[in-house]
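One letter stands for each residue in the lines below.
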Amino acid sequence: MWRLPGVRAALRGVRTAVERRSRTEAASETSVGAMERAVVRCVPSEPKLSLSFALADGSHKNMQRDQSEPLGRALSRIATNALKGHAKVAAAKKSRKNRPNAGSGVACAGPEPEPAAACEPVVKLYYREEAVAEDVLNVDAWQDGAVLQIGDVKYKVERNPPAFTELQLPRYIMAGFPVCPKLGVEFGDPTGSLFRWYKETKPRAAEPEGGGPSSSSPSSPSPGWTETGVDERVYTPSNADIGLRLKLHCTPGNGQRFGPSRELESVCPVEAGPGTCTFDHRHLYTKKVTDDALIRTVSYNILADTYAQTEFSRTVLYPYCAPYALELDYRQNLIQKELTGYNADLICLQEVDRCVFTDSLMPALEAFGLEGVFRIKQHEGLATFYRKSKFSLLSQHDIAFHEALQSDPLHKELLEKLALYPSAQERVLQRSSVVQVSVLQSTKDSSKKICVANTHLYWHPKGGYIRLIQMAVALAHIRHVSCDLYPGIPVIFCGDFNSTPSTGMYHFVINGSIAEDHEDWTSNGEEERCNMSLSHFFKLKSACGEPAYTNYVGGFHGCLDYIFIDLHALEVEQVIPLPSHEEVTTHQALPSVSHPSDHIALVCDLKWK
């Protein structure tokens, strides 16, 4: 009999060898194998472990047991459950035999003999072909590779196999738009998991009016499914899929082993898309990924769901936009298609909800060769994506403006100037804005590095002086990264700066300085006046120039977004034309059924000098 060694820590160090299997073999083993599967979930931070398995009667058992409980108690409980299952099967058989004959209405002739009392099945746990002693604690007994025997049935124990904790398809699925399932994986990761997409062979019959039975009632066969040929996480339906539901078969994995597979069917069939979108014509310029000498860069405020789904947004900011077009599930379809269609090397996004980054943007863009980092602000944040074939991430240097201003010696002089104006200082330090700074290195030439900054400055129309202070902090920090930490690397600075070309912030960036008598120092009146002169080190240019607008809503339109580049090291090869005014105003303003945000993406191809 196998017993726990005297030193329990020694047992914890013993791990069964993990067989390296091909993906195809592993996937088949998750559904077909020599033994049934008993799945154990046991993590140190939780007092209980869970045990999941199917009994011979077809019932599925999910048990919660204390990790510190002796194994014998758990086995006894399993035996009791198995005995109950046997009794239920016996009772069901007896009930069927005593039921009147369906054909003649005549009862069965004579009573059936009482079944013999069922004996409690033998329940044992084996490890390395030896029975595990019943005084071993659950936490140590249920090892990966152990064998649980219940009567004549054997189960292979899988401890902490990869498992889906969340799996969901979007509500709106449209032809021509990437579909990315929302999923969470425990003890694994999406990149090590398997996916296979199916579609219905023909549309389901519509539900009849009045709620009566339909042709897809329980008496009718379930819909047939055919493989789409796609085995990636993201699937893009075609027009041929319109009217058909989708099914996703997925198996969680971690690169070495796989967990129980799950299937997920879309609630609604694939719908036709909204027709021509504002970005369709732009995609004609970005059909292919650029060569190594170019860096296609995108800056885009995608409109956070936390703002789009307010009553104020629906009734005051965007009353012209169809309510369904403001819903996240709908807008995500458009955002994913727009971004993937640019074939960008760098994408800087603002107003990104954390869940949108994790569940939508990361998997969708990953499927197109991009990797991303996220920085939360307060209710939403910033995301920077880079093409993995061109760049690797060396380091991150994100800061919150108000924290850096108070604690970083880089900004000591600026803080001293601001301290002369207490009211203005208080307002500046209340703001939660951040700047995301990432240093990337070329995968083709390790001597080529680049500093990519991404920000979203304070929004209020009267906050001009606050944006000036925020930009001064940002530029000083970026200089530290690009000159002190990585001497001489070029800078790309993207964002929604909430400043038109006529403002002090834009003047400061382009000209390198701003005078203390500029009108923006009193942007919110005399009470918050904070006159000071500022200067910065860089020679920057707006790569996309000064468009008439990058933000177009019912009550305002203007240029608020920029891609600033370091003129010493970079030049503009091509600016992707913005949508025409006719396209922008087709549905009055933005957002709309054909455009997912109230901003317009800036897209340009940059070239190393």
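A quick note: this is a predicted structure, and the numbers were derived from the prediction, not measured. (Residues numbered from 1 in each chain as written. Predicted model: local features only at pLDDT ≥ 70, side-chain atom pairs only at ≥ 80, totals over all residues. Heavy atoms only, no water.)

1. Observations concerning the overall build of the chain
Here is step 1 of the chain: Of regular secondary structure, the chain possesses 15 helices and 30 strands.
Here is step 2 of the chain: Within the chain, buried positions represent 48% of all 609 residues.
Here is step 3 of the chain: Sequence-distant contacts, at least 24 apart, represent 72% of the contacts inside the chain between residues at least 6 apart.
Here is step 4 of the chain: Element-wise, carbon and sulfur atoms account for 50% of the exposed surface of the chain, whose accessible area totals about 28500 Å². (Helix = DSSP H or I, 4+ residues; strand = E, 2+ residues; numbered from the N terminus. Buried < 20%, exposed > 50% of the residue type's maximum accessible area, 1.4 Å probe, protein only. Contact = heavy atoms within 4.5 Å. Areas by Shrake-Rupley, 256 points an atom, 1.4 Å probe, with all protein chains shown as cover.)

2. Here we look at the packing of aromatic side chains
Here is step 1 of the chain: Considering all chains together, one arrives at 16 aromatic pairs under this definition.
Here is step 2 of the chain: Arranged with centres 5.2 Å apart and planes meeting at 90 degrees, the rings of Y324 and Y330 form a pair that is edge-to-face.
Here is step 3 of the chain: The exposure class assigned to Y330 is buried, which follows from its relative accessible area of 3%.
Here is step 4 of the chain: Ring geometry for F537 against F538: centres 5.3 Å apart, planes inclined by 75 degrees, an arrangement best described as edge-to-face. (Phe/Tyr/Trp six-rings, centres within 6.5 Å; stacked < 30°, edge-to-face > 60°.)

3. Thoughts on the sheet that holds strand β12 (residues 246-253)
Here is step 1 of the chain: If you walk across this open sheet you meet the four strands as β11-β10-β12-β13, and the pairing is antiparallel. Every other strand in the sheet has two partners, leaving β11 (225-227) and β13 (262-265) as the edge strands with one partner each. Each neighbouring strand pair of the sheet contributes to a mean axis angle of 35 degrees, computed without reference to strand direction. (Pairing = 2+ DSSP bridges. Axes fitted to C-alpha atoms, helices over the stretch in contact; angles between N-to-C directions.)

4. Considering helix α14 (residues 504-511)
Here is step 1 of the chain: Regarding α14, the residues found buried are G504, M505, Y506, F508 and V509.
Here is step 2 of the chain: Against the buried residues of α14 lie α13 (464-485), β23 (513-514), β24 (534-535), β25 (540-542) and β28 (561-566).
Here is step 3 of the chain: With its phi angle positive at about 85 degrees, G512 sits one or two positions after the end of α14.

5. Brief notes about the pairing of strand β7 (residues 153-159)
Here is step 1 of the chain: Pairing analysis gives five bridges linking strand β1 (residues 36-41) to β7, with the strands arranged parallel. When the bridges of β7 are listed, E36 appears paired with Y155.
Here is step 2 of the chain: In this structure, strand β6 (residues 147-150) lies alongside β7, joined through four bridges in antiparallel fashion. Paired with Q149 across the strands is K154, a residue of β7.
Here is step 3 of the chain: Hairpin geometry of β6 and β7 is characterised by an intervening segment of two residues between the two adjacent antiparallel strands and by a positive phi of about 65 degrees at G151.

6. What to know about a nonpolar patch on the surface
Here is step 1 of the chain: On the surface, F312, V316 and L317 cluster together into a nonpolar patch covering about 270 Å² of accessible area.
Here is step 2 of the chain: The residue F312 is located in helix α7 (residues 311-317) in this model.
Here is step 3 of the chain: In this structure F312 comes out as partly exposed when scored by relative accessible area, which is 49%. (Patch = residues over 30% accessible without salt bridge, like charges linked within 9 Å, V, L, I, M, F, W, Y side chains within 5 Å. Salt bridge = Lys/Arg side-chain N within 4 Å of Asp/Glu carboxyl O.)

7. Quick notes on the sheet that holds strand β16 (residues 370-376)
The pairing of strands in a sheet happens through backbone hydrogen bonds and is either parallel or antiparallel.
Here is step 1 of the chain: Sheet architecture is open: six strands sit in the order β16-β17-β15-β14-β30-β29, paired in mixed fashion. Here the strands that pair on one side only, and so sit at the sheet edges, are β16 and β29 (570-575). Direction aside, neighbouring strands of the sheet carry axes that sit 25 degrees apart on average.
Here is step 2 of the chain: Alignment of β16 against strand β17 (residues 381-387), held across seven bridges, turns out to be antiparallel. Looking at β17, one finds that I376 is bridged to G381.
Here is step 3 of the chain: Seen against the sheet, helix α9 (residues 354-366) touches β15 (346-352), β16 and β17 and runs at an angle of roughly 170 degrees to β16.

8. Description of the packing of helix α8 (residues 328-341) against α9
Here is step 1 of the chain: At a minimum axis distance of 10 Å, the contact between α8 and α9 shows a crossing angle of 35 degrees. Judged by the sense of rotation from one axis to the other, the crossing of α8 with α9 is right-handed. Residue-level contacts link L328, Q332, I335, Q336, L339 and T340 of α8 to V356, S360, L361, A364 and L365 of α9.
Here is step 2 of the chain: When the residues that make up the contact of α8 with α9 are grouped by side-chain class, the tally is seven nonpolar, four polar and no charged. (Left-handed = near helix turned anticlockwise from the far one by under 90°. Nonpolar A, V, L, I, M, F, W, Y, C, P; charged D, E, K, R; others polar.)

9. Here we look at the environment of A74
Here is step 1 of the chain: Among the secondary structure elements, A74 is positioned in helix α3 (residues 71-98).
Here is step 2 of the chain: Overall, the relative accessible area of 2% leaves A74 in the buried class.
Here is step 3 of the chain: Along the sequence, A74 and Q64 sit ten residues apart, while their C-alpha atoms lie 9.4 Å from each other.
Here is step 4 of the chain: Beyond its immediate chain neighbours, meaning those up to four positions away, A74 contacts M63, R65, E69 and N138.

10. So, the pattern of salt bridges
When charged atoms on two side chains of opposite charge get close, those side chains can pair.
Here is step 1 of the chain: Applying the stated criterion across every chain yields a total of 23 salt bridges.
Here is step 2 of the chain: A salt bridge links R196 to E227; its shortest N-O distance comes to 3.3 Å. Taken together, the residues span a long stretch of sequence, with R196 in strand β10 (residues 189-200) and E227 in strand β11 at a distance of 31 residues.
Here is step 3 of the chain: Judged by relative accessible area, R196 falls into the partly exposed class, the value being 36%.
Here is step 4 of the chain: Classification of E227 by relative accessible area gives partly exposed; the value is 44%.
Here is step 5 of the chain: Across the pair E413 and K417 runs a salt bridge, and its minimum N-O distance is 4.0 Å. Of this pair, E413 and K417 both sit in helix α11 (residues 412-418), four residues apart, roughly one helical turn.
Here is step 6 of the chain: Judged by its relative accessible area of 54%, E413 falls in the exposed class.
Here is step 7 of the chain: Residue class for K417 comes out partly exposed when judged on its relative accessible area of 25%.
Here is step 8 of the chain: Salt bridges sharing partners connect three or more residues here, namely R41, E46 and E186.

11. Considering the confidence of the model for the chain
The predicted coordinates ought not to be read in detail in places where the model reports low pLDDT.
Here is step 1 of the chain: Looking at the chain, pLDDT values average 89 and 86% of them are 70 or higher.
Here is step 2 of the chain: Considering only residues more than four positions removed or in separate chains, one finds that residues 209-220, a stretch of pLDDT under 50, has nine contacts. (pLDDT = per-residue confidence, 0-100.)

12. What about the nonpolar core?
Among soluble globular proteins, nonpolar side chains are generally buried collectively.
Here is step 1 of the chain: Membership of the largest hydrophobic core comes to 45 residues, with the highest contact counts inside it found for M471, F493 and W521.
Here is step 2 of the chain: Per-element tally for this core: the top contributor is α13, with eleven residues.
Here is step 3 of the chain: Once you skip the residues sitting within four places of it in the chain, F493 turns out to touch V435, A453, N454, T455, M471, A474, L475, I478, Y562, I563 and F564.
Here is step 4 of the chain: Counting residues in each nonpolar core, the second largest holds 44 residues, with L303, L339, A383 and L590 among its members. (Core = buried A, V, L, I, M, F, W, Y, C linked by side-chain atoms within 4.5 Å.)

13. Observations regarding unusual backbone geometry
Here is step 1 of the chain: The omega torsion of the bond from L590 to P591 falls at -5 degrees, within 30 degrees of zero and hence cis.
Here is step 2 of the chain: Along the chain, P591 turns up in the loop between α15 (581-584) and β30 (602-608).
Here is step 3 of the chain: Phi is positive for R128, which is not a glycine, with a value near 55 degrees.
Here is step 4 of the chain: Positionally, R128 belongs in the loop between β4 (123-127) and β5 (130-131).
Here is step 5 of the chain: Take R128: its relative accessible area is 54%, and that puts it in the exposed class.

14. Digging into the environment of E166
Here is step 1 of the chain: Residue position: E166 is located in strand β8 (residues 163-168).
Here is step 2 of the chain: Given the relative accessible area of 29%, E166 is considered partly exposed.
Here is step 3 of the chain: Sequence-wise, E166 and E186 are 20 residues apart; in three dimensions their C-alpha atoms are separated by 9.4 Å.
Here is step 4 of the chain: When near neighbours in sequence (up to four residues on either side) are disregarded, E166 contacts K182, L183 and G184.

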